[in-house]
Amino acid sequence: RTAVSSIFIGADLGTRDTQCGMKLMTLSASTLLYDRLHLRRWTHDVEVIHRAKVLGMPVGECAVKWEDKEGSKLVESMGGAVRVSFIMLSEIAMMRIEYALGRWSVMK
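All figures in this text were calculated on a predicted structure; none of them were measured in a lab. (Residues numbered from 1 in each chain as written. Predicted model: local features only at pLDDT ≥ 70, side-chain atom pairs only at ≥ 80, totals over all residues. Heavy atoms only, no water.)

### Quick notes on the overall build of the protein
Alright, step 1. Along the backbone of the protein there are four helices and zero strands.
Alright, step 2. Secondary structure elements in the protein, listed N-terminal to C-terminal, are α-α-α-α.
Alright, step 3. Looking at the protein as a whole, 32% of its 108 residues qualify as buried.
Alright, step 4. Within the protein, contacts between residues at least 6 apart in sequence are counted, and of these 64% link residues at least 24 apart.
Alright, step 5. Accessible surface computed for the protein: about 7,600 Å², of which carbon and sulfur atoms make up 59%. (Helix = DSSP H or I, 4+ residues; strand = E, 2+ residues; numbered from the N terminus. Buried < 20%, exposed > 50% of the residue type's maximum accessible area, 1.4 Å probe, protein only. Contact = heavy atoms within 4.5 Å. Areas by Shrake-Rupley, 256 points an atom, 1.4 Å probe, with all protein chains shown as cover.)

### Let's talk about the packing of aromatic side chains
Alright, step 1. Evaluated as defined, the whole model comprises one aromatic pair.
Alright, step 2. Ring centres of Y99 and W104 lie 5.7 Å apart, and the angle between their planes is 90°; this geometry places the pair in the edge-to-face category.
Alright, step 3. Residue classification places W104 among the buried residues on the basis of a relative accessible area of 13%. (Phe/Tyr/Trp six-rings, centres within 6.5 Å; stacked < 30°, edge-to-face > 60°.)

### Some remarks on helix 4 (residues 78–100)
Alright, step 1. With 23 residues, helix 4 should reach 33 Å at 1.5 Å per residue; the first-to-last C-alpha distance of 33 Å fits that figure.
Alright, step 2. Along helix 4, the positions that sit buried rather than exposed are G80, V84, I87, M88, E91, I92, M95, E98 and Y99.
Alright, step 3. Following helix 4 by one or two positions, G102 has its phi on the positive side, about 80°. (Expected span 1.5 Å × (residues − 1).)

See below:
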């Protein structure tokens, strides 16, 4: 979470945690947001929220009580966490560059 958040310092996504929780939206909103989505792995949530902001869709966040379950972790080791964080940071940096240069766009 910290790694993902750190690359968006200065970018207002309207959320503090992009990775946890569920995304609740209408079918028409999901069609717009997920159509031609570029990021497919752990960081796809960040692109979905970015696209919602670009399209002027409201984005909210509601805290939920988290209960850690055995086996629910993305990675189990510190080395794995570092690797996954690096992948996520590079994917988000690439996303920001691609949208900024106009090579990726949000279809309305």
